[in-house]
Each structure stands twice: as structure tokens, then as C-alpha cells.
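# Observations on chain architecture
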Amino acid sequence: MFRLLFLLPIILCLGWCFFLRHHGVPIKKGKRGFVYILAFSAFVLGFFILMMQITEFTPSEF
């Protein structure tokens, strides 16, 4: 699952782009949404990195 986390911001940004196009909103007006998506994704990534450090998890354990 960890190796697929890079898809989170890509999928969310694509979904936001399709939402904006469907409602006829220019991409420039929806720029704040992209910033929120990237900030949320960075927060999730930081959380998982912190949890991996706390639990001393190494991906080679599988």
C-alpha cells in the first residue's frame, strides 16, 4: 500500500480537474483546490513517515 501512496495526489488532482471542467470553471480559478490537495497529500505523507519512524518500520520486512 505504501508504494501506491504517490497516486493519491495524482488521482485527487485529476478528479478536481474533471470536476472543474464539468462545472465550466477555468483551471486558474480552481488553483486553490490544487493547493489544498497537495497540502493534504503532504500531510498524509508526513504522517505515514512519522509513523514509520516511531514504529521503526522498514519496507524490507515483507
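Please refer to the structure placed before this passage.
In this report, we go over the structure that sits alongside the text. (Residues numbered from 1 in each chain as written. Predicted model: local features only at pLDDT ≥ 70, side-chain atom pairs only at ≥ 80, totals over all residues. Heavy atoms only, no water.)

### Describing the overall build of the chain
Summing up its helical and strand segments, the chain has two helices and zero strands in all. For a compact globule of 62 residues, the expected C-alpha radius of gyration is about 11 Å, and the chain comes in at 15 Å, more than 25% above that figure. Projected onto the principal axes, the alpha-carbon positions of the chain cover approximately 50 × 20 × 10 Å. Burial analysis of the chain (62 residues in total) assigns 15% to the buried set. (Helix = DSSP H or I, 4+ residues; strand = E, 2+ residues; numbered from the N terminus. Rg over C-alpha atoms; globule rule 2.2 N^0.38 Å. Buried < 20%, exposed > 50% of the residue type's maximum accessible area, 1.4 Å probe, protein only.)

### A look at the packing of aromatic side chains
Overall, the coordinates contain two aromatic pairs when judged by the stated rule. Here Trp16 and Phe19 contribute two aromatic rings whose centre-to-centre distance is 5.4 Å and whose plane-to-plane angle is 15°, an arrangement assigned as stacked. Highlighted residues: Trp16 and Phe19, both in helix α1 (residues 7-22), separated by three residues, approximately one helical turn. For Trp16, a relative accessible area of 26% translates into the label partly exposed. Relative to Phe48, the ring of Phe47 lies with its centre 5.6 Å away and its plane at 65°, an arrangement referred to as edge-to-face. Overall, the relative accessible area of 40% leaves Phe47 in the partly exposed class. On the basis of relative accessibility, which here comes to 23%, the residue Phe48 falls in the partly exposed class. (Phe/Tyr/Trp six-rings, centres within 6.5 Å; stacked < 30°, edge-to-face > 60°.)

### Comments concerning the side chain of Ser41
Note on placement: Ser41 falls in helix α2 (residues 31-54). Judged by its relative accessible area of 10%, Ser41 falls in the buried class. Once residues lying within four places of it in the same chain are set aside, the contact partners of Ser41 are Leu8, Pro9 and Leu12. (Contact = heavy atoms within 4.5 Å.)

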